[in-house]
Amino acid sequence: MNKRIFHILLFWSVAVFFTACSDFQKILKSDSVDKKYEAALKYYEKKDYYKAGLLLEELIPLLRGRPESEKAQFLYANTQYFQRDYVLSAYYFRNFYDTYPRSEFAEDAMFLHTKSLYKDSPSFDLDQTNTYTALEAIQEYLNRYPQSKNKEEANEMYDDLNEKLEVKAFESAKLYHQLRRYQSAIVALGNFQTNYPSSEFNEEAAFYQIESQYNLARESVAEKQRDRYYDVVGLYQGFIDKYPKSKYLRTAEGFYTAAQSQLEKLRVSAAKE
């Protein structure tokens, strides 16, 4: 009995599906702009963004000069956004804003433009060009609409993107250390601490800077070792002042002690000459 009910339900589901597809194809082939526009709005309200988008895409050039044109273009951008095609939605929202800057939808269009760019921002380990573009767009939005209802969300997106760039900068600087490119690591880790003074990674960056400086000194030619070991001492002293309870303290102290020992050997060696 249950099996029979299942087959009946399946039959009607398939029938409804093909009827719906048939109705949509009829609308799609229709020459009536008004009929297509009305259908597009209904599909949009039902959250069938694929069908709504197909109809609106056809309608946009046909609606030029008509009052429905503005709304159709805004809704079309939305259909791309809801289908997660953020590259296209970013483009169409921006195009809408530039075309209708005084529209009732203008502020929402610019916000959704920034949100599309935000969602298209890649993970920190990839190229961050899109992230910088998104940050610029969010800043532009906040400048134009400082009292926007979306202000809090826009600021959250901005902070999130900046955190991603922060992680990217730290991992890139640390990579120099891992690749034993100590000179580059020292510079990059120092720049990171300067550019992100409140970062949670600064303690770790400062430690890696000491280690890189020590390794650079150890691998240097004799005439450069003295100055480079002194740099280890200076970095260590700055480190313990700033992070007196650091989990890296004992290891950092080992580099400091080793640097002091090497400096003493260099002093004795120089005195004999």
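Residues numbered from 1 in each chain as written. Predicted model: local features only at pLDDT ≥ 70, side-chain atom pairs only at ≥ 80, totals over all residues. Heavy atoms only, no water.

- In the annotation of an unreviewed UniProt entry, the entry for the chain reads Outer membrane protein assembly factor BamD, and the organism field reads Adhaeribacter terreus.

Points about the overall build of the chain
Alright, step 1. Helix and strand counts for the chain stand at 12 helices and zero strands.
Alright, step 2. Walking the chain from its N terminus toward its C terminus, one meets helices and strands in the order α-α-α-α-α-α-α-α-α-α-α-α.
Alright, step 3. With the principal axes as the frame, the chain shows a C-alpha extent of 100 × 60 × 30 Å.
Alright, step 4. Counting every position in the chain, which comprises 273 residues, the buried fraction comes to 41%.
Alright, step 5. Looking at the chain alone, contacts between residues at least 24 apart form 56% of all its contacts between residues at least 6 apart.
Alright, step 6. When the accessible area of the chain is evaluated, it comes to approximately 16,800 Å², of which 51% is carbon and sulfur surface.
Alright, step 7. Seen as two clouds, the 37 positive and the 40 negative side-chain charges of the chain have centres 5 Å apart. (Helix = DSSP H or I, 4+ residues; strand = E, 2+ residues; numbered from the N terminus. Buried < 20%, exposed > 50% of the residue type's maximum accessible area, 1.4 Å probe, protein only. Contact = heavy atoms within 4.5 Å. Areas by Shrake-Rupley, 256 points an atom, 1.4 Å probe, with all protein chains shown as cover. Lys, Arg positive; Asp, Glu negative; His and termini not counted. Charge placed at Lys NZ, Arg CZ, Asp CG, Glu CD.)

With respect to the nonpolar core
Alright, step 1. Judged by nonpolar contacts, the single largest core of 27 residues is most densely connected at Y43, L55, L56, L59, L63, F74 and F93.
Alright, step 2. Where this core is concerned, the elements lending two or more residues are α1 (2-29), α2 (33-45), α3 (49-62), α4 (68-82), α5 (86-99) and α6 (106-120).
Alright, step 3. Excluding residues that lie within four positions of it along the chain, L55 makes contacts with F24, I27, L28, K36, A39, A40 and Y43. (Core = buried A, V, L, I, M, F, W, Y, C linked by side-chain atoms within 4.5 Å.)

Considering the pattern of salt bridges
Alright, step 1. Under the defined criterion, the tally for this structure stands at 15 salt bridges.
Alright, step 2. Among the salt bridges present, the one from R66 reaches E68, with a minimum N-O distance of 3.1 Å.
Alright, step 3. Notably, a salt bridge pairs E153 with K115, separated by 2.8 Å at the nearest N-O pair. Taken together, the positions of E153 in helix α8 (residues 151-178) and K115 in helix α6 put the pair 38 residues apart, joining distant regions of the chain. (Salt bridge = Lys/Arg side-chain N within 4 Å of Asp/Glu carboxyl O.)

Re the side chain of S220
Alright, step 1. Tracing the sequence through the fold places S220 in the loop between α10 (202-218) and α11 (222-242).
Alright, step 2. Of the polar contacts made by the side chain of S220, one reaches the backbone oxygen of L216; its length is 2.5 Å. (Polar contact = N/O pair within 3.5 Å; in protein donor to acceptor, adjacent residues only side chain to side chain.)

Some thoughts on unusual backbone geometry
Alright, step 1. At R84, a position not held by glycine, the phi torsion is positive, near 65°.
Alright, step 2. You will see that R180, though not glycine, has its phi angle at about 65°, which is positive.
Alright, step 3. Along the chain, R180 turns up in the loop between α8 and α9 (182-195).
Alright, step 4. According to the relative accessible area criterion, R180 is exposed, its value standing at 52%.

Here's the deal with the packing of helix α7 (residues 129-144) against α8
Alright, step 1. Following both chains from N to C, one finds α7 and α8 inclined at 155°, their axes separated by 10 Å at the closest point. As far as their axial angle goes, α8 and α7 are roughly antiparallel. For the crossing formed where α7 meets α8, the hand is left-handed. The residues of α8 that touch α7, namely those facing T131, Y132, A134, L135, I138, Q139, Y141 and L142, are K151, A154, N155, M157, Y158, L161, N162, K164 and L165.
Alright, step 2. Taken together, the residues that form the contact of α7 with α8 break down as 11 nonpolar, four polar and two charged. (Axes fitted to C-alpha atoms, helices over the stretch in contact; angles between N-to-C directions. Parallel < 35°, antiparallel > 145°, perpendicular 65-115°, else oblique. Left-handed = near helix turned anticlockwise from the far one by under 90°. Nonpolar A, V, L, I, M, F, W, Y, C, P; charged D, E, K, R; others polar.)

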